[in-house]
Amino acid sequence: MCGSGGNSKTFLIPSNKTFLLQPLMFQGPCKSPSVQVKFDGKIVAPINKAAWSENKLFRWVSFKEIIGLTVTGSGTIHGRGSSFWKPRMSPSKRPTQLHFKSCNDLKISGITSFNSPRNHISISECKRVKITKIKLVAPHDSPNTDGIDISRSSDVDIYDTIIGTGDDCVAINNGSMNINITRMNCGPGHGISVGSLGRDGEESIVENVQVTNCTFFRTDNGARIKTWPNGKGYAKNILFQGLTFRETKNPIIIDQNYVDKGRLDVEESAVAISNVTFTDIRGTSQVDEIIKIDCSKVTYCKDIVLDKIDIATVDGNKPVVECSNVYGKSINANEANGCFKT
């Protein structure tokens, strides 16, 4: 399909057909100006991890260096991931369901993905990406089954989607710029996260992120930024606006002490967080702590804005706000008064 030039090429997965796939890579570059995968059928992974062929890259279906790729249709993808979840295998030893690398001008629409062994969709080193009207599903207790992971990519638009998994609905990782997420139904899962950033001292950069008009249902987190101690770089120009939380834990959270086990005794550096706005946010929280902004004592968080926050607790208790090492301001958010350093 990639070898012939001329007009745009189409690869058809027909409706009413089921295909069993071992790990597969579509490798570009292609000679045609664009490629369409018309996905109307059903693909299924091997029945359990023992039936998978050798897969050193830990990816099930991959697309690499294909410019102008469109994946569209009403088809379904079944990852049969439960055999990877139960032994609590390391995430690095479990395959991603759909992986896109260096695919500029990428469009994904219409498809439904079930039960990925790890994250459902990975977007890496891509420019100008549009993802819409997709549905990503996995049980709430399935580990590391992120909906969409974005890294080293720019100009990514995600809109009108439904994601409910066992981890982040969207994880915005290092090298992500100009990311726009709107009209997403998120839950169950861990919310929409910037990060984690700065692990093992990594220099991470994320900027120009907008998350707007999204609904979160019974997620473990809502709007979250998470960084590891002793990281480097920055996360800036981030907007969370028009969000609705329904029985969400940790609705608003910035965590600069994100560690798997325990806390470090000595912190020498941190990813700098600045110009972050949470505005027009409403709903209910399963816990009393509706806002937690735990920033680094090395860099502090700067220019943080809390505006028009209206979150009640499910049990009727008074909402609690906890802040440390934060510079910013609150507007029409009475609970946040006293949150900021002056």
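Structure shown above.
Asker: Please explain the overall build of the protein as it appears in this structure.
Answerer: When you go through the protein residue by residue, the secondary structure sums to one helix and 29 strands. What you see for the protein is a C-alpha radius of gyration of 21 Å, in line with the 20 Å of a compact globule of 342 residues. Expressed as lengths along the three principal axes of its C-alpha atoms, the size of the protein is roughly 65 × 35 × 35 Å. With 342 residues in all, the protein has 51% of them scored as buried. Considering only contacts in the protein between residues 6 or more positions apart, those separated by 24 or more positions represent 75%. When the accessible surface of the protein is totalled, it reaches about 15000 Å², and 46% of it is carbon and sulfur.

Asker: What's the story with the environment of G164 in this structure? I'm lost.
Answerer: Within the secondary structure, G164 is located in strand β16 (residues 154-164). For G164 and H190, which are 26 residues apart along the polypeptide, the C-alpha to C-alpha distance reads 9.2 Å. The residues touching G164, leaving out its near neighbours within four places in the chain, are L136, V137, A138, G187 and P188.

Asker: Looking at this structure, how should I read the state of the cysteines?
Answerer: Formally, a disulfide is one covalent bond, and it connects the sulfur atom of one cysteine to the sulfur atom of another. Enumeration according to the criterion identifies three disulfides in this entry. Paired through a disulfide, C169 and C186 show a sulfur-sulfur distance of 2.1 Å. Taking the sign of the torsion about the S-S bond as the criterion, the disulfide between C169 and C186, at about 90°, is right-handed. Placement of the pair is C169 in the loop between β16 and β17 (170-172) and C186 in strand β18 (residues 176-186), with a sequence separation of 17 residues. When its relative accessible area of 0% is taken as the criterion, C169 is described as buried. Residue C295 pairs covalently with C301 via a disulfide, S to S 2.0 Å. Where C295 bonds to C301 through sulfur, the torsion about that S-S bond is close to -100°, and the disulfide is left-handed. Looking at C301, the relative accessible area reads 0%, which means it is buried. A disulfide-free cysteine, C103 has its sulfur positioned 5.1 Å from the sulfur of C126, the nearest such atom.

Asker: So what exactly am I meant to see when it comes to the side chain of S83 here?
Answerer: Along the chain, S83 falls in helix α1 (residues 82-85). Once residues within four sequence positions are removed from consideration, S83 is found in contact with N48 and K49.

Asker: It is not clear to me how the pairing of strand β9 (residues 96-101) should be interpreted in this structure. Could you clarify?
Answerer: Here is the key point about a regular strand: its side chains alternate between the two faces of the sheet. The element β9 is largely enclosed, with a buried count of five among its six residues. The pairing of strand β6 (residues 59-64) with β9 spans five bridges and is parallel. Within β9, the position partnered with V61 by the bridge is L98.

About the cut-offs
Residues numbered from 1 in each chain as written. Predicted model: local features only at pLDDT ≥ 70, side-chain atom pairs only at ≥ 80, totals over all residues. Heavy atoms only, no water. Helix = DSSP H or I, 4+ residues; strand = E, 2+ residues; numbered from the N terminus. Rg over C-alpha atoms; globule rule 2.2 N^0.38 Å. Buried < 20%, exposed > 50% of the residue type's maximum accessible area, 1.4 Å probe, protein only. Contact = heavy atoms within 4.5 Å. Areas by Shrake-Rupley, 256 points an atom, 1.4 Å probe, with all protein chains shown as cover. Disulfide = S-S within 2.5 Å. Pairing = 2+ DSSP bridges.

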